[in-house]
Amino acid sequence: MTDNEKLSERRPDDPTRRKVVTVGAGAVAAVGLGGAFAANAVAGERNEPRHGHRPAPPEDCYRLTSETTEGPYYIDADKIRQDITEDRTGIPMTLALRVIDTETCRPVRNAAVDIWHCDAIGYYSGYEAASGGGGGGGPAPTGSPTGTPTDTPTGPPPGGGGGGHQDPTDDKRYLRGTWRTDRHGHVTFKTIFPGWYRGRCVHIHVKVHVDGEWTDAGYEGGHTCHTGQFFFDEESVIATTTVDPYATNTTERTTLTEDTIYDQSGTQGGLLKLRYRKDDIAKGVLGSITVTVDSDATNDGEDSGPAPSASAS
């Protein structure tokens with residue numbers, strides 16, 4: 001085992017409220033070969049030292065991935081699984097992540113990674129009555145909006161400016177899941193390409209929990225070291241707008257450059273590396289990114305307010 005594969009021993013912090021229930025072990029098989037390919041893609045995102053060469057300078061991996069607000073629609077590690085699709089239709093997507101510690105530049109193993117996002121027409125499971133779905137059967141958006149959306153909400157925005165948590169309004173849990181990182185810091189999910197809703201660009205929420213314990217009951221204790229979001233380039237989003245059911249989403253889009261949560265810093269800010277057939281995105285998308293975290297810090301996203309004029313998160 002190389003130095004890059006070793007992990008520093010960490011002292012567990014006081015347990016928090018986190019305790020989850022596991023589901024069948026068959027969830028691992030749901031990702032299949034796509035997951036293995038995705039993990040390899042993530043591994044290739046940074047320059048690993050070759051035999052006989054000195055490691056890359058520390059600053060290459062010391063850049064922390066941006067922290068963001070949690071938003072109101074987080075449900076605490078409700079489903080331990082890699083395939084989070086359930087009955088949602090949309091463009092198949094494999095999301096391949098690698099979690100690296102900013103102090104050691106080493107993989108963070110056995111972390112619990114949560115992801116959650118809206119479906120193709122903008123609804124969040126658990127919050128269908130409150131979230132900003134935009135289906136309606138009208139024409140799909142084409143290209144980018146020419147200005148800021150005019151239907152700015154006057155009350156609490158959909159998707160959650162301010163980060164205040166809301167209690168679920170229904171028992172649905174599609175497009176939500178938690179899984180553990182392997183010894184290389186890799187974790188892979190199977191999902192669909194997210195849609196959009198009023199006031200936000202297309203995104204996926206993520207949390208990374210460390211220093212807890214995986215038991216027969218799930219993941220317990222520890223703390224949240226990272227709360228962030230993953231983002232999609234405009235070319236890929238526009239490519240989805242002619243594919244059903246995205247084509248039925250008549251909500252005006254907020255572009256990546258207009259979004260007030262994305263900090264415009266590229267990979268550091270959560271911008272995914274995407275691979276797909278340019279002539280047929282409906283065949284599926286591979287998204288990958290390396291997430292660099294401070295494992296000793298607590299970043300739960302609950303105190304992170306939105307950027308000025310943010311309309312949702």
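See the structure above.
Only a predicted model underlies this, so the values are computations on that prediction, with no experimental measurement involved.

Participant: I tried to follow the overall build of the protein chain on my own but got confused; where do I start?
Facilitator: Each helix and strand counted, the protein chain has two helices and eight strands in total. The order of α-helices and β-strands along the protein chain, N terminus first, is α-β-β-β-β-β-β-α-β-β. When each of the 313 residues of the protein chain is scored for burial, the buried share is 50%. Relative to all contacts within the protein chain whose residues are 6 or more apart in sequence, the contacts with residues 24 or more apart total 85%. When the accessible surface of the protein chain is totalled, it reaches about 14100 Å², and 48% of it is carbon and sulfur.

Participant: How should I be thinking about the sheet that holds strand 2 (residues 112-116) in this particular structure?
Facilitator: In any sheet, the strands associate via hydrogen bonds between backbone groups, in a parallel or an antiparallel arrangement. Read from one edge of the open sheet, four strands run 3-2-5-6, paired in antiparallel fashion. One side of each edge strand has no neighbouring strand; the edge strands of this open sheet are strand 3 (176-180) and strand 6 (218-231). Across the sheet, the axes of successive neighbouring strands diverge by a mean angle of 20 degrees, strand direction being ignored. The pairing of strand 2 with strand 3 spans five bridges and is antiparallel. Following the sheet pairing, Asp-114 is matched in strand 3 by Thr-178.

Participant: It is not clear to me how the sheet that holds strand 4 (residues 186-192) should be interpreted in this structure. Could you clarify?
Facilitator: The strand order across the open sheet formed by four strands is 4-1-8-7, and the pairing between neighbours is mixed. The sheet terminates laterally at strand 4 and strand 7 (273-275), the two strands that pair on one side only. Pairwise comparison of adjacent strand axes, ignoring direction, gives a mean angle of 20 degrees for this sheet.

Participant: I tried to follow the pattern of salt bridges on my own but got confused; where do I start?
Facilitator: If the charged atoms of two oppositely charged side chains come close together, the side chains can form a pair. Scanning all chains against the criterion turns up eight salt bridges. A salt bridge links Asp-119 to Arg-88, with the nearest nitrogen and oxygen atoms 3.1 Å apart. Remark: Arg-88 occurs in the loop between helix 1 (27-43) and strand 1 (92-101) and Asp-119 occurs in the loop between strand 2 and strand 3; sequence separation between them is 31 residues. Judged by its relative accessible area of 21%, Arg-88 is partly exposed. Notably, a salt bridge pairs Asp-279 with Arg-277, separated by 3.1 Å at the nearest N-O pair. When its relative accessible area of 62% is taken as the criterion, Asp-279 is described as exposed. Here Arg-277 falls in the partly exposed class, since its relative accessible area comes to 44%. One connected set of salt bridges, linked through shared partners, spans Asp-87, Arg-88 and Asp-119.

Participant: Looking at this model, I keep getting lost on the pairing of strand 8 (residues 285-293). Mind explaining?
Facilitator: Consecutive side chains of a regular strand alternate in pointing toward one face of the sheet and then the other. Where burial is concerned, most of strand 8 is hidden: nine out of the nine residues are buried. Both faces of strand 8 are covered, namely the face carrying Val-285, Gly-287, Ile-289, Val-291 and Val-293 and the face carrying Leu-286, Ser-288, Thr-290 and Thr-292. Direction of pairing for strand 1 relative to strand 8: parallel, over a ladder of nine bridges. Pairing of Leu-97 across the sheet is with Ile-289, part of strand 8. Inspection of the sheet shows strand 7 paired to strand 8 by three bridges, in the antiparallel sense. If you follow Arg-275 over to strand 8, its bridge partner there is Leu-286.

Conventions and cut-offs
Residues numbered from 1 in each chain as written. Predicted model: local features only at pLDDT ≥ 70, side-chain atom pairs only at ≥ 80, totals over all residues. Heavy atoms only, no water. Helix = DSSP H or I, 4+ residues; strand = E, 2+ residues; numbered from the N terminus. Buried < 20%, exposed > 50% of the residue type's maximum accessible area, 1.4 Å probe, protein only. Contact = heavy atoms within 4.5 Å. Areas by Shrake-Rupley, 256 points an atom, 1.4 Å probe, with all protein chains shown as cover. Pairing = 2+ DSSP bridges. Axes fitted to C-alpha atoms, helices over the stretch in contact; angles between N-to-C directions. Salt bridge = Lys/Arg side-chain N within 4 Å of Asp/Glu carboxyl O.

In short, shape yes, function no, at least from these values alone.
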